Structure formats: C-alpha cells, structure tokens
Amino acid sequence: MLKKALALGAVAGVLTTVGFAQENRTPTGIPHLDHVFLIMMENHGYQQVFDNPNEPYLNSQIASGKVNLATNYFAVGHPSLTNYLEIVGGSNFGIRSDNSPDWGNASCTPNIASKIVNADNGGGNAPVPVDTGNVCPISGAGTDAATPAVDTWNEVAGPFVALADLDGVKSVPAAPTVGKTIADQLDDAGMGWKSYQESLPLGSVYGVNYSNGTSTNLTDFSKLAPLTSSSVVQLYAVKHNPFAYFASIQEGNDRDSSLANAVGFDGPTGLYADLKSGKVPELAFIVPNQCDDQHGRSNSDAFCAFDYGQNDSGYTYGTQVGLNPGLIQQGDTTIERLVQAIHASPAWQSKRSAIVIVWDENDYSGSTTQLTGLFPSQNQNRVVLTVQTNYGSHGVQSGTYYTSYSLLKSMEAGFGLHCLNHACDSNVSVMSDLFAGGNDSN
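The structure reproduced in this document is the subject of the present report. Because the structure is predicted, anything quoted here is derived from the model rather than measured. Per chain, residue numbering runs from 1 following the sequence as it is written. With pLDDT at 70 or above as the cut-off, local features in this predicted model cover only qualifying residues; side-chain atom pairs require 80 or more to be listed or tallied, and sums for whole chains, interfaces and linings still use all residues. Note that the side-chain values use all heavy atoms of the structure and ignore hydrogens as well as water.

Another aspect to go through is the overall build of the protein chain. Here a strand is any run of E in DSSP of at least two residues, a helix any run of H or I of at least four, and the numbering for each starts at the N terminus. Within the protein chain one finds 10 helices and 21 strands. Only C-alpha atoms enter the radius of gyration; for comparison, a globular chain is expected to reach 2.2 Å times N to the power 0.38, where N is the number of residues. A compact globule built from 442 residues should have a C-alpha radius of gyration of about 22 Å, and the protein chain, at 20 Å, falls within 12% of that. With the C-alpha coordinates aligned to their principal axes, the bounding extent of the protein chain is approximately 55 × 55 × 50 Å. Contact definition: two residues touch when any of their heavy atoms are within 4.5 Å. Sequence-distant contacts, at least 24 apart, represent 77% of the contacts inside the protein chain between residues at least 6 apart. Per-residue and other accessible areas were derived by the Shrake-Rupley procedure at a 1.4 Å probe size, with only the shown protein chains allowed to occlude residues. Total accessible area computed for the protein chain in this model is approximately 15,700 Å², and 52% of it derives from carbon and sulfur atoms.

Encoded structure:
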C-alpha cells in the first residue's frame, strides 16, 4: 500500500491484558497434530471474502460445512510483515513495517533490545523513536512494540486519517519478548518446518528481498538491458517469509533450521514434491506469490492488478465494491489447487492434520475522520480464518474472539509446545472449537 504523509495525532486505545515473554507452559485444548498446513492469503477483510461470488471455492467449502469458520478472528496490526511475525512468533519484535532484512548485519542492535520501532511513520508524527531502515536480524530478548487500537501515525494511507488495529478498541501493550519463533520450538523438540514460498529463485535465498522466480533484487541488470529492476514483478516477497528475519536462520548454523527450510512450490524439495511423497514437516507454512495470494502487483496482468478502489481511487472501504474480481478469483483458484494437493498427499490421508487458511490483515480501509475506536465492522482488522481437519467435527462457525496470537497458541498446543510471547497472554484462547478439540485452556 502507498503511504502518504498526513499530520495526525496519536490516539491511545483500551489496553488488553499485559503480556510477558515466556515459554514455560504448554497450552491444551487441541488434539495432537502431526501436521499443520498453514496457507497465508493477503490484504482483504472478512466482508470482502465471505460470500464474495468471485471466491466460489472457499465459500462453497464454508457453506457445505467442510471447513470450520472463525467469524470473529482479528489480525493484530499492520502491515504484512508485522502480522506474519505475530503468527509465527507471537510478537511484532519491534517491527511495524514491511522493510527488508539487514542481511547478516551482526553489529546492529535488534529492535527488541534497542526499543526503537522499525516503522514506516507514514504520518510523519511518530510518538515513539523509530527507524525506517532495513530490519536488524532478530535475536536475544527485550521488548516489542505496542500495537495501538487506532493507528494515526504509521500505516495510515490515502484518504484515511486512521486505521483500526484489531477491532479499533483493543490494543496490545509492549511486553518483554524473546527473539524466536515456532520454528525454533519445533527444531528444539525434534520436529520439522518449512516455509514454502511460491516463485522463489533458484539457488540460495540469502539476500533475496523479491523475485519473479528468475530475477531478484540481486540480479545484474547491466547484462539485461533494456530491462531494469522495475521490470521485475515482485512475486516472492521476503516480507511474507518471516523466518528470514531471524539471526539464527540467516546464520544457518543449525542445518535443520536455516534458510534451507525456505523452498519453492516446485522442484525436488518443494511443496508439491513433498506432498506427493508424504515427507512433509510438522509445520508447512505455505505462501502463494503476490499474484496468487490476492495481494496484487501493479506491473503484472489484469488478474494480478491491485484492487481498483471506489471511484477508481485505488482505495477500498472494507466492502466488495472496488475489488479486482480477477485478483479475488485467482486467489480462490490457488486455494483450491493447494487444498486438493494436500488432500491427495499421504501426509493428509494417514496422519492427524489440519489445513488453516487465513488472511494476514484487512485491506487498509479506515476512517477519513475518526481518531478513536468503535470503527464500523468493515473497517476493523477482522479477516477470514478457516480450519479443516481430517478428524473430528466440521461445519463449526465460531464467534469466539480470536487473534493471530490464538492461531500460534493453537498450533503450539497441537504440537505439544510451550506458548511463546503474546501467545502466553492470559486473554489469548486456543481455538478448541475450530480444531475439534476439548475444553479451551489458556
């Protein structure tokens, strides 16, 4: 999303329960899981996806009761990277931007240690110390960044003077944080993970911030004239590969938990090969490219173009008006292709597994006047999340309040791992009803 400088005042929201970084108890309420297939989609709110005629496959799965649906699930903040980090690590780790990693920089201070927030500061009026450069590799321990109920300074965009984080009323205070993710937890427990990223280039992904599957930001364009870096459709984006931001993953000292775990959809170690063989890790973190995840790009074809917006403004207001129907349909077809491949896998047919489909955040629709909470529902950061299991109940529609932290906590419960960072907060519940579990336990 384009960010335009707006002179705005900061607004404080109603704080949720203070969270403390900890990893000392295992949440319950989810049956043991052998595999979680987590499919990440992009930048559309609940009301833009649910009952959208251009999203026929997913909505047919909901209507027929083949999946369980969260009707009250909220992404925590903005932008994409922040939400991806919160899903895999239970924290924003002091990062409220989509900035690329400061690859291999061992001399910088991680944001959780410096308490300087890596942010866009789109309004130019940050109330906290900010850094707008590349992201220092995450490591160690410290404090993450607070997520306000209403954003009036960082991710504001276009005509909007304020955007809602969560529901526009709740907020998340800064809290002690450890610089690790569920990938570290799985590795420590002798389990596996992969970040399946569509349109990765061949070879190492170290230093790759974007790629069309062939060319990247590291390409020598002097040999490709008249092509330039602006010619590259940024299909793969490192901001959608959260594990790449951690020092331990970049350093690669652990061969079972490194950038080698980030692979493409195709190839001998890619998603489709793993599904066909059944050799799938416990956590399959699946990220379609930016044409297939409904994010969109401005320099691709019409089915990948950004949403048109109302009155051709490029900005939508949380409804289905002004969406690019081709972009929605392409994402829905991608979901169908992925789910069918998972269903055909021996890993799905013989192991207790769950497929989670979730959008990372809404579409940046906000308020042109409102600087406080009580946003209309279409302007809140509510997104679609579905769960399909190969066991237990189906067709559940849950109105329980859940967030990205709930998703992490539920995966940790299913894998028998301790809760991590804000997933340990006392007001974060596991999704027992959606994962066909027993009673919820914090």
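Here we take up the environment of Gln 185. Mapped onto the elements of the fold, Gln 185 is located in helix H5 (residues 182-188). We classify Gln 185 as buried; its relative accessible area is 3%. Any pair of nitrogen or oxygen atoms within 3.5 Å is treated as a polar contact; in protein, a donor-acceptor pairing is required on top of that, and neighbouring residues in sequence qualify only through side-chain atoms on both sides. A distance of 3.4 Å separates a polar atom in the side chain of Gln 185 from a polar atom in the side chain of Glu 412. Under the scheme applied here, a residue whose accessible area is under 20% of the maximum for its type counts as buried, over 50% as exposed, and between as partly exposed, the area being computed with a 1.4 Å probe on protein chains only.

Turning our attention to the sheet that holds strand S3 (residues 68-70). Pairing between strands is defined by DSSP: at least two bridges between them are needed. One open sheet holds the eight strands; their spatial order is S16-S13-S17-S2-S18-S19-S3-S20, and the pairing between them is mixed. The open sheet terminates on both sides in strands that have one partner only, identified here as strand S16 (262-263) and strand S20 (397-398). Pairing between S3 and S20: two bridges, direction parallel. Note that in S20 the partner of Leu 69 across the bridge is Gln 397. Against the sheet, helix H3 (residues 80-89) engages strand S2 (35-41) and strand S17 (283-287), with an angle of about 170 degrees to S2. Every angle, taken between N-to-C directions, lies between 0 and 180 degrees, and every axis is a line fitted to C-alpha atoms, over only the stretch in contact when it is a helix. Running over the sheet, helix H10 (residues 404-415) touches S2, S17, strand S18 (353-359) and strand S19 (385-389) and is turned about 165 degrees from S2.

A separate point is the state of the cysteines. Criterion for a disulfide: a pair of cysteine sulfur atoms within 2.5 Å. Evaluated as defined, the whole model comprises three disulfides. Covalently, Cys 108 is tied to Cys 136 through a disulfide, its sulfur atoms 2.1 Å apart. Classification of the bridge connecting Cys 108 and Cys 136 rests on its S-S torsion, roughly 90 degrees, and on that basis the disulfide is right-handed. In this pair, Cys 108 is assigned in the loop between strand S5 (95-96) and helix H4 (111-114) and Cys 136 in the loop between strand S7 (130-131) and strand S8 (141-143), connecting sequence segments 28 residues apart. According to the relative accessible area criterion, Cys 108 is partly exposed, its value standing at 23%. Paired through a disulfide, Cys 291 and Cys 304 show a sulfur-sulfur distance of 2.0 Å. Disulfide Cys 291-Cys 304: the torsion about the S-S bond is -85 degrees, which places it as left-handed. Placement of the pair is Cys 291 in the loop between S17 and helix H8 (325-343) and Cys 304 in the loop between S17 and H8, with a sequence separation of 13 residues. Disulfide connectivity for the protein chain, with bonded cysteines indexed by sequence position, reads 1-2, 3-4, 5-6.

Only centres within 6.5 Å qualify two rings of Phe, Tyr or Trp (six-membered ring in Trp) as a pair; their planes then separate them into stacked at under 30 degrees, edge-to-face at over 60, and tilted for everything else. Counted under the stated rule, the structure contains 10 aromatic pairs. Seen in terms of ring centroids, Trp 103 and Tyr 206 are 5.1 Å apart; in terms of plane orientation they differ by 55 degrees. Their pairing is tilted. One end of the pair, Trp 103, is in the loop between S5 and H4; the other, Tyr 206, is in the loop between strand S13 (193-197) and strand S14 (210-211), with 103 residues separating them in the sequence. Owing to a relative accessible area of 36%, Tyr 206 belongs among the partly exposed residues under this scheme.

It is worth spelling out the packing of H3 against H10 at this point. Running from amino to carboxyl end, H3 crosses H10 at an angle of 30 degrees, the nearest separation of the two axes being 7 Å. Between H3 and H10, the angle falls in the class roughly parallel. In contact with Asn 83, Glu 86, Ile 87, Val 88 and Gly 89 of H3, H10 contributes Ser 404, Tyr 405, Leu 407, Leu 408 and Met 411. Taken together, the residues of the contact of H3 with H10 break down into six nonpolar, three polar and one charged. Note that the term roughly parallel is reserved for angles under 35 degrees, roughly antiparallel for angles over 145, roughly perpendicular for angles of 65 to 115, and oblique for everything else. In this classification, the charged set is Asp, Glu, Lys and Arg, the nonpolar set is Ala, Val, Leu, Ile, Met, Phe, Trp, Tyr, Cys and Pro, and all remaining amino acids, among them Gly, are polar.

Looking now at the sheet that holds S5. An order of S5-S6-S7 is seen for the three strands of this open sheet, with the pairing classed as parallel. In this open sheet, the two strands that pair with only one neighbour each are S5 and S7. Across two bridges, the pairing between strand S6 (residues 117-119) and S7 is parallel. The residue bridging Asn 118 from the neighbouring strand is Asp 131, located in S7.

By the criterion of burial, S18 is predominantly enclosed, with seven of the seven residues buried. Side chains Ser 353, Ile 355, Ile 357 and Trp 359 of S18 all project onto a buried face; the interleaved residues Ala 354, Val 356 and Val 358 project onto the opposite face, where all are buried too. Pairing of S2 with S18 involves seven bridges; the strand directions are parallel. Of the residues in S18, the one forming a bridge with Val 36 is Ala 354. Examined bridge by bridge, S18 and S19 share five bridges and lie antiparallel to one another. Bridging from a neighbouring strand, Ile 355 pairs with Gln 388 of S19.

Throughout this description, the term salt bridge denotes a Lys or Arg side-chain nitrogen within 4 Å of a carboxyl oxygen of Asp or Glu. Counted under the stated rule, the structure contains six salt bridges. Via salt bridges that share partners, Arg 96, Asp 151 and Asp 165 belong to a single interconnected network.

All of the buried residues in helix H2 (residues 56-63) are Tyr 57, Leu 58, Asn 59, Gln 61 and Ile 62. Those residues of H2 hidden inside the fold are in contact with helix H1 (46-49), S3, H8, S18, S19 and S20. A positive backbone phi angle near 75 degrees is found at Gly 65, which sits one or two residues after H2.

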